[in-house]
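Coordinate analysis (summary)
For reference, the chains in residue letters:
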Amino acid sequence: QAGLTQPPSVSKDLRQTATLTCTGNSNTVGAQGAAWLQQHQGHPPKLLSYRDGTRPSGISERFSASRSGNTASLTITGLQPEDEADYYCSAWDGPLSAWMFGGGTKLTVL
Amino acid sequence: QVQVVESGGGVVQPGRSLKLSCAAFGFTLSNYAMHWVRQAPGEGLEWVAVIFFDGTNKHYADSVKGRFTISRDSSKNTLYLEVNSLRDEDTAVYYCVKEATTSGGGFDIWGQGTVVTVSS
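Quick notes on the rules
- Residues numbered from 1 in each chain as written.
- Chains lettered and ligands numbered in written order.
- Predicted model: local features only at pLDDT ≥ 70, side-chain atom pairs only at ≥ 80, totals over all residues.
- Heavy atoms only, no water.
- Helix = DSSP H or I, 4+ residues; strand = E, 2+ residues; numbered from the N terminus.
- Rg over C-alpha atoms; globule rule 2.2 N^0.38 Å.
- Buried < 20%, exposed > 50% of the residue type's maximum accessible area, 1.4 Å probe, protein only.
- Contact = heavy atoms within 4.5 Å.
- Areas by Shrake-Rupley, 256 points an atom, 1.4 Å probe, with all protein chains shown as cover.
- Salt bridge = Lys/Arg side-chain N within 4 Å of Asp/Glu carboxyl O.
- Pairing = 2+ DSSP bridges.
- Axes fitted to C-alpha atoms, helices over the stretch in contact; angles between N-to-C directions.
- Buried area = accessible area lost by both parts, 1.4 Å probe.
- Polar contact = N/O pair within 3.5 Å; in protein donor to acceptor, adjacent residues only side chain to side chain.
- Phe/Tyr/Trp six-rings, centres within 6.5 Å; stacked < 30°, edge-to-face > 60°.
- Lys NZ or Arg CZ within 6 Å of the ring centre and 35° of its normal.

What follows concerns the overall build of chain A. Looking only at helices and strands, chain A has one helix and nine strands in total. Start at the N end of chain A and walk to the C end: the helices and strands fall as β-β-α-β-β-β-β-β-β-β. Radius of gyration (C-alpha) of chain A: 13 Å, near the 13 Å computed for a compact globule of 110 residues. Each principal axis of the C-alpha distribution contributes one length, and for chain A these read about 40 × 25 × 25 Å. Taking all 110 residues of chain A together, 45% fall into the buried category. Considering only residue pairs separated by 6 or more positions, chain A has 60% of its internal contacts joining residues 24 or more positions apart. Just so you have it, chain A exposes about 5000 Å², and 45% of that area is on carbon and sulfur atoms.

What follows is about the pattern of salt bridges. As a working rule, side chains carrying opposite charge can pair if their charged atoms are close by. Residue and element names in this part refer to chain B. As enumerated under the stated definition, the model contains six salt bridges over all chains in all. Residue Glu-46 pairs with Arg-38 through a salt bridge whose shortest N-O separation is 2.7 Å. Looking at Arg-38, the relative accessible area reads 4%, which means it is buried. Across the pair Lys-98 and Asp-108 runs a salt bridge, and its minimum N-O distance is 2.9 Å. Of this pair, Lys-98 sits in strand S9 (residues 92–99) while Asp-108 is found in strand S10 (residues 107–110), placing the two residues 10 residues apart along the sequence. Through salt bridges with shared partners, one network takes in Arg-38, Glu-46, Arg-67 and Asp-90.

Next up on the list: the sheet that holds strand S6 (residues 71–76) of chain A. Residue and element names in this part refer to chain A. The three strands are arranged S2-S6-S5 in an open sheet whose pairing can be described as antiparallel. The outermost strands of the open sheet, each flanked by one partner alone, are strand S2 (18–23) and strand S5 (63–68). Recorded for the sheet is a direction-independent mean angle of 20° between the axes of neighbouring strands. Pairing geometry for S5 and S6, over six bridges, is antiparallel. Residue Ala-65 lies in a different strand from S6, and its bridge partner there is Leu-74.

A separate point is the interface of chain A and chain B. The partner chain B presents 26 residues to the 19 residues of chain A that form the contact. Across the chain A/chain B interface, buried area totals approximately 1800 Å², and carbon plus sulfur atoms make up 62% of it. For the interface between chain A and chain B, the tally reads zero salt bridges. The interface formed by chain A and chain B contains four residue pairs in polar contact (both at pLDDT 80 or more).

What follows is about the pairing of strand S11 (residues 114–118) of chain B. Residues and elements named next belong to chain B. Of the two faces of S11, the one holding Thr-114, Val-116 and Val-118 is buried and the one holding Val-115 and Thr-117 is not buried anywhere. Sheet topology places strand S2 (residues 10–12) next to S11; three bridges connect them, and they run parallel. Among the inter-strand pairings, Val-11 is bridged to a residue of S11, identified as Thr-117. Strand direction decides the pairing type here: S9 and S11, joined by three bridges, are antiparallel. Following the sheet pairing, Ala-92 is matched in S11 by Val-116.

Before going further, it helps to spend a moment on the sheet that holds strand S3 (residues 18–25) of chain B. All names here are of chain B. An order of S1-S3-S8-S7 is seen for the four strands of this open sheet, with the pairing classed as antiparallel. Looking at strand neighbours, the two that pair on one side only are strand S1 (3–7) and strand S7 (68–73), the edges of this open sheet. Taking the axes of each pair of neighbouring strands and ignoring which way they run, one obtains an average angle of 20° across the sheet. In this sheet, strand S8 (residues 78–83) lies alongside S3 in antiparallel orientation, the contact comprising six bridges. Bridging across to S8, Ser-21 finds its partner in Tyr-80.

What follows covers the packing of aromatic side chains. Inspection of every chain in the model, using the stated rule, returns eight aromatic pairs over all chains. Ring centres 4.5 Å apart and planes at 50° place the aromatic pair Trp-99 of chain A and Phe-107 of chain B in the tilted group. Separated into two different chains, Trp-99 of chain A in strand S8 (residues 98–101) and Phe-107 of chain B in strand S10 make up a pair that spans both. For Phe-107 of chain B, a relative accessible area of 0% translates into the label buried. Three or more aromatic residues link up through ring pairs in this structure, and these residues are Trp-92, Trp-99 and Phe-101 of chain A together with Phe-52, Tyr-95, Phe-107 and Trp-110 of chain B. Over the aromatic face of Tyr-80 of chain B sits the side chain of Lys-19 of chain B, whose NZ or CZ is 4.6 Å from the ring centroid.

Shown next as structure tokens:
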């Protein structure tokens with residue numbers, strides 16, 4: 001099953017802004033958007049944004065999600081040490097009747 | 001408190017079977033689409049299966065189709081994943097995940113996971 005494409009790693013300085021991308025196709029990201037998850041080592045993932053880009057209760061405003069065509073983006077402003085984690089995008093593929101995950105981006109805060 | 005708790009993992013030989021369970025607390029499992037997602041050691045997330053509200057509409061990843069079966073018992077508010085004909089590559093942490101019904105959806109509640117190790 002075709003998946004979603006994310007850069008394997010991104011490194012940014014403390015207090016800077018990181019933008020993570022997720023590229024799918026017209027059946028996945030282009031159709032209904034992508035949700036974003038954060039996972040710290042040894043812990044289960046946590047939902048950062050729903051497919052429509054809104055944040056669940058309790059998620060910091062420093063995390064914002066958007067979409068342009070078949071590419072979804074997660075922007076993290078004012079990077080903090082605790083933002084260092086793996087980030088995954090996820091989307092539903094209607095024709096395949098399957099959820100897809102990106103391979104994940106490891107964010108390093110320098 | 002809304003949460004899910006998985007159980008049933010273990011060490012199993014190739015070709016054998018296991019039945020994973022996921023007990024839901026604080027919500028009615030049958031009102032939501034429920035999923036199993038797995039993560040092999042050092043790897044990313046892999047979606048495994050979903051069961052929709054009606055309980056009969058189910059879908060599987062190609063990698064597990066024909067070997068895994070997702071089901072639920074509404075009276076016990078519990079989700080299951082029966083895993084058969086296990087292979088080395090099925091070794092992973094298996095997460096039970098609730099899908100949100102609002103805002104276009106997304107995996108909003110995750111359990112701590114149960115570990116399945118396939119080894120001879």
